[in-house]
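Examining the three-dimensional arrangement
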Amino acid sequence: MLPDHFSAAERPVRQALAEHVDKARHWHLAQLFADDTARFDTLSLEGCGLLVDFSKQRLTGETLDLLLDLACARDLESWVRALFEGSDVNWTEARPALHWRLREQADAAPEVHDQLARMGEIVDQVLRGQWRGCHGDAITDVVNVGVGGSDLGPLMASYALADFRPEHGRRPDLHFVSSMDGSQIAPLLNDLNPATTLIVVSSKSFTTLDTLANAETARAWLERAFPDQQRALMRCHFVGVSANPEKMSEWGIHPCNQLLFWEWVGGRFSLWSAIGLPIALTVGMKGFRELLEGAREMDVHFREAPLAHNLPVILGLVDVWNINFLDITARAVLPYDGRLKHFPSYLEQLEMESNGKSVTRDGTPVDYHTCPVIWGEVGSNAQHAFYQLLHQGTQPVACDFIVAGRYVPPSGDGDGHQQLAHQHRLTLANCLAQSRLLALGGGALPDDQHDQPAFKQYRGNQPSTTLMLDELSPRRLGSLVALYEHKVFVESVLWGINPFDQWGVEMGKVIARDMVPVLETGDGLDGLDASTRGLVRRARS
Amino acid sequence: MRIDVFGDTLCASVTAAALAQSGHEVCWFLPRGRVLDAVNEDRVPYREPGLGDLLGEQRAAGRLRCAPMTLNGDPAAPVVFLALQPGAQTLAAEIADWLASAGACGLVINQSVFPVGTSEALQRRLAEAGSPARVVALPETLQEGVAIDSFLRPHHILLGCDDPAAETLMREILRPFNRRRDVIRVMGLREAEFTKLAISGMLATRLSYMNDMALLAEQLDVDIDTVRQGVGSDPRIGEAYLYAGCGFGGSGFSRDVMSLTDTLRSKEVSAKLLEQVMEINERQKEVLFRRFWRHFEGEVAGRRVAIWGAAFKPGSDRVDNGPALKLIEALWAQDVQVHVHDPLALPELDAWAGGHPDLILHDDPYQAVADVDALMLVTEWKLYWSPDWPRLRDSMGTPLILDGRNIYDPDYVRGQGLLYHGIGRG
């Protein structure tokens, strides 16, 4: 039995929040900081190697208390229990969401560790140069073919952790192919040597058209290189990762090269499973297990910390405050670290595919906002792109600043550390300066600059949260990602929606399938709308 | 003349023995370790043909005395040879400091393989400590397996020397080995050190070049061995070091090339050619594995393979850096059981393998091949050149001969009912 999202207890809380927000709407962050010089002490939290500073959010301790009341009224604690007890929290698909099991220790999740062990064998063979192509050459390049969760998570984490080398062996060059058209795979295959290339086909269902189209292209490329070696080719050059072994076998993945995960893992929550093979090839199995351990620490924190000190809970409540009470429906994700380049697009999927919903469990459409529009970019680069809008545009935007507090030089390079440490300080300085200016506006500037023309003035009052990692390591990245995963769940409970399905992406696939013959033959145009008809005609001419 | 030799390299042992044989009173100082232990127990420290006898004779005659290196006690001899392990520059500096304090030494001959410039640095160190001793560089050019002969009858001697008096003394010491014609080539200290590395680099380049040609030969269906003879008959090229094969090994040769590569890199000169040379060599070490893999289309788990020859070259008991090791690791990684025969190198191989269950050592080459799916010829020991083909064919599970040194006649072997693959032979 799932707990109820809505209860009678909620009404007085909502009433109190409504009254509170009438005042809060007029607050300016510069004033809040002036009123309470100890804001940082009461409005920041630490845990799992992360410092979360939400004192630059437009709220006070009182706001937080009211939001915590709302969480209680929504029975959040029961929902967290339901998640970790394996109840069917994904009610539209009648299954639990057990991604947290992927980080459990061996005694608690033996089947997970069986697959980790199998993955470890593959990783070990590749890193030691002992995974062989069909002519016996050592594999030097690995191509991950996948899309969505089978692409974004592994890509994000492999890129973020590239400084961390495997404890032994030689890391292969990793490549990611996701787009349905051949624009990524064709030039890549031109550069690669089929004899030394391993293709990892990752798809939870193993029916994803985008992925299978790319995988077919790779297979044809290998078949041209090694005609008449069909069997050796499949055994030596393809690994499959899926929750559907039958489909993998049907497609031709050798049984020994099949890595499994489970229906109870959502695609966007799957980087902890064998979908993370590229991550393990980047950092080695030891590093991958560190990543899992960092996430497990966050799981324990989420389950056990009281709501008021619970990082995912507080982050979720802050988001709800911004979206539903302050009407801030956009959020920018701004990592001040080039290694987190792919983190914004990873979060775009995690948050928007999870909470881009508008129907509650009883089928009622919601009459409030759910997930905001989320976008982002490496912060220091975004300063030269869209920060203008943040500082002087008309849209209120909440920002997540993410930065590593400590600079840890990558192992191996002898010289140049001083320069790199300096660059890190420069980046950190920019991160702090921007969040300060966004919050305080002109108030952050020296007094003599206040008499500026209007177009040079900074309004400020753009709220932000700063997440400072001790360092960007496998363990801390694991904690960071798990923090966002759980935050997404907290929000879904507050909104009364299911974060674990994605029905909104199904219909487009069906219509696209029907569109292919229309484009091929031109038949069936009459049934289409005028716009589509016009576009089809133009494309066919 | 009293001469001290410092070090526990093969070069040190040969130098000490050969100088004693030519009448000098030699004291050989060894740092603690395997070689010193062997010498103390009257065992031969290196399995080098003739070395045991020579050391024994000279010690019995009283001209050669062996002692642990303590850097105190007797004052140093007027002439001191340094033949230390590669990388032991710190030890060399310590010895130099002691020589300066012990007074009597006038000439230091550095035979060790150190980075270019080390001999000069030693010279400065001695001078700063107030020693009048001169340093000369005499890079070792010993070939393992024929080390004694290459010391006694050298084809050439590189002498790095900046001082006329030191050169006179060196010529006197080398006189017994420089009789037929003057093979001493005198040059600067750095030049001598660099020449030694450049020679190794050139030889390695020739080998890797031929191995690349062998790959092409296979594609073009020509026999690289025929091509080799044609190429080698051109006097501008010559015959040496043109054999395509399953890669070179040994500590000295590859180490020199790596040292040269590092030197180039540290001076920010691109080391692309030598990096390629080493990479091709590493690739070549697995060429027999790849043949085996292709033959069975990758289905090799649970099979058995025999390897003849694990030493990095015939005449040596050393296996370090040799192709056999890489080959065995590749086979183990695929769950293949490896049976090895080698007349000298099995103890070293055994020590390297550390009791791996998939390595079985054999004293008899024919026992090693029983029921195997392939025989890989890795080191061309003479005893492998003319096997009993029918016996091989009948005892092997799959009569697949993978000839890593192109020593067999492909047509003859095939005519005996066996399958044959060489390196670059179609």
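Residues numbered from 1 in each chain as written. Chains lettered and ligands numbered in written order. Predicted model: local features only at pLDDT ≥ 70, side-chain atom pairs only at ≥ 80, totals over all residues.

When you go through chain B residue by residue, the secondary structure sums to 17 helices and 14 strands. Relative to a compact globule of 426 residues, whose C-alpha radius of gyration would be 22 Å, chain B shows 24 Å and is just as compact. Taken over the C-alpha atoms alone, chain B extends approximately 70 × 45 × 40 Å along its principal axes. For chain B, the residues scored as buried account for 47% of the 426 residues in total. Counting only contacts in chain B whose residues sit at least 6 apart along the sequence, the fraction spanning at least 24 positions is 72%. (Helix = DSSP H or I, 4+ residues; strand = E, 2+ residues; numbered from the N terminus. Rg over C-alpha atoms; globule rule 2.2 N^0.38 Å. Buried ≥ 20, exposed ≤ 12 C-beta atoms within 10 Å, placed from the backbone. Contact = placed C-beta atoms within 7 Å.)

What follows covers helix 12 (residues 287-295) of chain B. Residues and elements named next belong to chain B. The complete set of buried residues in helix 12 reads Val287, Leu288, Phe289, Arg291, Phe292 and Trp293. The inward-facing, buried residues of helix 12 abut helix 11 (272-285), strand 9 (304-308), helix 13 (323-333), strand 12 (374-377), strand 13 (400-403) and strand 14 (419-421). Of the residues trailing helix 12, Glu297 is marked for its positive phi of about 45°.

On to the pairing of strand 7 (residues 157-160) of chain B, then. Residues in a regular strand project their side chains so that they alternate between the two faces of the sheet. Residues and elements named next belong to chain B. As paired elements, strand 7 and strand 8 (residues 184-187) share 4 bridges and run parallel to each other. Bridging across to strand 8, Ile157 finds its partner in Ile184. With helix 7 (residues 164-174) bridging strand 7 and its parallel neighbour strand 8, the resulting β-α-β unit is right-handed. (Pairing = 2+ DSSP bridges. Right-handed = clockwise from strand over helix to strand, strands pointing away.)

Turning our attention to the sheet that holds strand 10 (residues 337-341) of chain B. All names here are of chain B. Strand order in the open sheet made by the 6 strands is 11-10-9-12-13-14, with parallel pairing throughout. Both outer strands of the open sheet, strand 11 (359-362) and strand 14, are each paired with one neighbouring strand and no more. In this sheet, adjacent strand axes meet at a mean angle of 20° when their direction is disregarded. Here strand 9 runs beside strand 10; their pairing, made up of 5 bridges, is parallel. Bridging across to strand 10, Arg304 finds its partner in Gln337. (Axes fitted to C-alpha atoms, helices over the stretch in contact; angles between N-to-C directions.)

Now for unusual backbone geometry. Located in the positive-phi region is Asp75 of chain A, a residue other than glycine, with phi close to 60°. You can see Asp75 of chain A is positioned in the loop between helix 4 (61-73) and helix 5 (76-85).

Moving on to the packing of helix 1 (residues 10-21) of chain B against helix 3 (residues 51-60) of chain B. Residues and elements named next belong to chain B. The interhelical angle for the contact between helix 1 and helix 3, taken along N-to-C directions, is 50°, at an axis separation of 9 Å. With respect to helix 3, the element helix 1 is oriented oblique. Taken as a pair, helix 1 and helix 3 cross one another with a handedness that is left-handed. Each of Ser13, Val14, Ala17, Ala20 and Gln21 in helix 1 lies in contact with helix 3, whose residues at this interface are Leu51, Leu54, Leu55 and Gln58. For the contact of helix 1 with helix 3, a count of residues per class yields 6 nonpolar, 3 polar and no charged. (Parallel < 35°, antiparallel > 145°, perpendicular 65-115°, else oblique. Left-handed = near helix turned anticlockwise from the far one by under 90°. Nonpolar A, V, L, I, M, F, W, Y, C, P; charged D, E, K, R; others polar.)

Overall, the prediction assigns chain B a mean pLDDT of 91, with 99% of residues at 70 or greater. For this predicted complex, the interface confidence reaches an ipTM of 0.84, while the overall pTM sits at 0.87. (pLDDT = per-residue confidence, 0-100.)

Residues and elements named next belong to chain A. In contact at an axis separation of 8 Å, helix 13 (residues 311-325) and helix 18 (residues 474-495) are set at 50° when each is read in the N-to-C sense. What the angle tells us is that helix 13 and helix 18 run oblique. The interaxial crossing formed by helix 13 with helix 18 has right-handed handedness. On helix 18, the residues touching Leu311, Pro312, Val313, Leu315, Gly316, Asp319 and Val320 of helix 13 are Leu483, His486, Lys487, Val490, Glu491 and Leu494. Here the contact of helix 13 with helix 18 is composed, by residue class, of 8 nonpolar, 2 polar and 3 charged.

Let us look at the sheet that holds strand 11 (residues 464-469) of chain A. Residue and element names in this part refer to chain A. The 6 strands lie next to each other as 1-2-11-10-8-9, forming an open sheet whose pairing is mixed. Looking along the sheet, the strands with just one partner apiece sit at the ends: strand 1 (44-47) and strand 9 (373-376). For this sheet, the mean inter-axis angle between neighbouring strands, taken without regard to orientation, is 15°. Alignment of strand 2 (residues 50-53) against strand 11, held across 4 bridges, turns out to be antiparallel. In the strand pairing of strand 11, Leu50 is matched with Leu469.

Attention now moves to the interface of chain A and chain B. Across the contact, 13 residues belong to chain A and 8 residues belong to chain B. With 4 residues, the top contributor of residues to the side of chain A that touches chain B is helix 10 (residues 230-237) of chain A. Taken together, the residues of the side of chain A that touches chain B break down into 3 nonpolar, 5 polar and 5 charged.

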